[in-house]
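The residues making up each chain are set out below.
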Amino acid sequence: MLEAHNLTFGYPGKPVLQNVSLRVKPGGVTVLIGPSGTGKTTLLRCLALLEAPQSGEIAIDDQKFSCPWPDGRPLDPPWPKLTAVFQQLFLWPHLTLRENILLPVRRRSAGMQEALDALIEAFDMGEFIDHYPNEASLGQRQRVALARALMLEPRYLLLDEITSALDVEQIAKILSYLKGLRGKQIGIFIITHLLGFARHAADQVVFMAGGEIAEQGGPDILKNPQTERLHQFLSVIAAAS
Amino acid sequence: MSVLDILINYHLAFLQGLQVTLELCLVIWSSGIVLGVTLGAIGANHPQSWGRFIRAMSFGFSAIPTLVVLFWLHYPAQAVFNVVIDPFYTASLTLSLVNIFAVGEMVRQAAMDFPAQYIVAGRVCGLGMRDIVTKIQLPILFRQLLPGLLVLQVGMLHATLFASLISVEEIFRVSQRINSTIYRPVEIYTALALFFLLVCLPINLLAAYLKERYTRDLSER
């Protein structure tokens with residue numbers, strides 16, 4: 001289980017996260033929604049042990065990381081058992097997309113090539129896999145960044161808006177692939193604005209507003225929100241679409 | 001007397017001058033690259049101490065003309081310390097210092113400005129620091145620094161001409177000496193230009209090869 005207890009993070013005079021607690025189960029899909037600028041990405045970075053919260057605790061299975069961390073860094077972080085794909089993707093520009101995927105797993109035993117071939121097929125990456133990142137579209141890079149994370153066979157996968165530049169068909173393929181990861185006992189934590197995905201695939205929906213978790217529960221909270229803030233958020237989205 | 005005649009008649013003198021120029025270059029280039037890169041890496045890791053020192057020295061050497069430093073080390077410094085040092089060593093030291101701090105500052109700046117997100121991506125992918133440095137940081141920095149470093153080294157080759165002014169028998173001084181004997185400035189300096197073209201050609205070819213092999217446009221389309 002990936003758990004956050006009372007995480008607080010902020011800059012002087014500007015709190016970003018306030019007493020945030022949540023759980024991501026292995027084999028479950030947790031969807032984080034909320035308006036822009038409410039600290040969703042910061043929460044993901046904290047869960048990925050890349051930001052140092054001022055207080056609280058993060059537990060990844062048996063490993064506990066009490067905040068603040070000594071020297072500002074977590075001791076022995078469990079990467080890539082816990083890994084993340086960021087909105088900006090962070091593909092290494094001097095390597096081809098194929099090399100980007102294979103670099104982190106090059107010391108692993110056989111079977112990586114087969115795993116890559118399967119991902120190339122699943123994400124339709126055959127045409128551009130040997131291009132460099134700057135020769136690929138944003139949507140293509142999003143698929144590669146996700147493939148790079150999946151090749152690591154993580155137990156917890158944190159995803160930040162990874163479908164923002166994909167067309168409807170690709171989104172459907174990727175989200176269906178992610179749903180399929182439940183069977184591999186991978187815990188998925190995804191920030192998205194795709195409420196349809198949250199309704200159909202999420203085991204847990206977390207709504208954040210103003211640096212706090214305003215409401216969380218099963219996907220049914222999207223039909224019957226208990227808080228006024230979530231109700232407002234859903235109304236705005238419904239009006240916009 | 002044509003350029004060819006001059007080259008034939010004085011080829012031994014020219015070759016000796018060229019040899020001194022190339023020896024100077026060897027010292028300047030090797031010390032600049034090895035010590036400069038090392039210093040730049042140290043400066044990036046210790047920005048408050050070494051970083052500031054490299055920055056200050058690099059600023060000093062770029063602000064004060066190389067010729068002034070060379071003359072200062074050749075005349076007043078030696079008089080103050082009451083020593084006589086072979087001009088070749090003085091020129092080597094001066095130009096090496098200029099090159100070391102120029103390279104050091106270039107490397108320090110590039111390392112400091114290295115996009116942290118590429119390191120973050122490596123960390124969450126489970127790569128160790130050694131892999132991150134050797135497989136991600138150094139290759140990107142190398143590609144980024146290569147064109148500037150090669151231009152700087154060609155500039156240092158040109159700066160070896162200053163050594164002639166403190167009596168180092170490099171190729172420019174040899175040319176001047178021949179000219180004072182036969183007074184054929186057009187032909188002699190044309191011959192000198194040819195020598196520099198011949199020395200710079202392989203460097204430029206190497207630069208073009210390395211650029212073609214290792215650097216490419218990373219901007220997004």
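Check the entry above for the structure.
Residues numbered from 1 in each chain as written. Chains lettered and ligands numbered in written order. Predicted model: local features only at pLDDT ≥ 70, side-chain atom pairs only at ≥ 80, totals over all residues. Heavy atoms only, no water.

Engineer: Describe the sheet that holds strand β6 (residues 82-85) of chain A, naming the residues involved and giving the relevant values.
Structural biologist: Residue and element names in this part refer to chain A. Read across the sheet, 6 strands follow the order β6-β7-β8-β3-β9-β10 without closing on themselves; strand pairing throughout is mixed. The outermost strands of the open sheet, each flanked by one partner alone, are β6 and β10 (212-217). The average angle at which neighbouring strand axes cross in this sheet is 15°, direction not considered. Across 4 bridges, the pairing between strand β3 (residues 29-33) and strand β9 (residues 204-209) is parallel. Bridge pairing in β9 places Thr 30 opposite Gln 204. Sitting on the sheet, helix α7 (residues 228-240) touches β3, β9 and β10, and the angle it makes with β9 is about 95°. (Pairing = 2+ DSSP bridges. Helix = DSSP H or I, 4+ residues; strand = E, 2+ residues; numbered from the N terminus. Axes fitted to C-alpha atoms, helices over the stretch in contact; angles between N-to-C directions. Contact = heavy atoms within 4.5 Å.)

Engineer: How would you summarise helix α8 (residues 129-159) of chain B if you had to cite specific residues and measurements?
Structural biologist: For α8(B), built from 31 residues, the straight-helix expectation of 45 Å at 1.5 Å per residue is missed by more than 12%, its first-to-last C-alpha distance being only 39 Å. The largest bend in α8(B) is about 45°, located at Leu145(B), with the proline Pro147(B) one to four residues further on. (Expected span 1.5 Å × (residues − 1). Bend = angle between axes of the 7 residues up to and from the residue.)

Engineer: Please give an account of the packing of helix α2 (residues 11-45) of chain B against helix α3 (residues 47-63) of chain B that cites residues and values.
Structural biologist: Residue and element names in this part refer to chain B. It is the contact of α2 with α3, at a shortest axis distance of 6 Å, that shows an interaxial angle of 135°. Our classification of the angle between α2 and α3 gives oblique. The handedness of the crossing between α2 and α3 is left-handed. Contacts between α2 and α3 involve Leu 39, Gly 40, Ile 42, Gly 43, Ala 44 and Asn 45 on the former and, on the latter, Pro 47, Trp 50, Gly 51 and Ile 54. Across the contact of α2 with α3, the residue classes tally to 6 nonpolar, 4 polar and no charged. (Parallel < 35°, antiparallel > 145°, perpendicular 65-115°, else oblique. Left-handed = near helix turned anticlockwise from the far one by under 90°. Nonpolar A, V, L, I, M, F, W, Y, C, P; charged D, E, K, R; others polar.)

Engineer: Before we move on, could you go through the packing of aromatic side chains and cite the residues and values that matter?
Structural biologist: For any pair of aromatic rings, the description rests on two quantities: the centre-to-centre distance and the angle between the ring planes. Going through the model one piece at a time under the given rule, you end up with 12 aromatic pairs over all chains. Ring centres of Phe123(A) and Tyr177(A) lie 5.0 Å apart, and the angle between their planes is 70°; on these two criteria the pair is classed as edge-to-face. One end of the pair, Phe123(A), is in the loop between α3 (112-122) and α4 (138-151); the other, Tyr177(A), is in helix α5 (residues 168-180), with 54 residues separating them in the sequence. Overall, Phe123(A) belongs to the buried group, its relative accessible area being 1%. Owing to a relative accessible area of 25%, Tyr177(A) belongs among the partly exposed residues under this scheme. Ring geometry for Phe88(B) and Tyr89(B): centres 6.0 Å apart, planes at 80°, overall edge-to-face. A relative accessible area of 18% places Phe88(B) in the buried class. Residue placement shows Arg148(A) over the ring face of Trp92(A); its charged tip is 4.3 Å from the ring centre. (Phe/Tyr/Trp six-rings, centres within 6.5 Å; stacked < 30°, edge-to-face > 60°. Buried < 20%, exposed > 50% of the residue type's maximum accessible area, 1.4 Å probe, protein only. Lys NZ or Arg CZ within 6 Å of the ring centre and 35° of its normal.)

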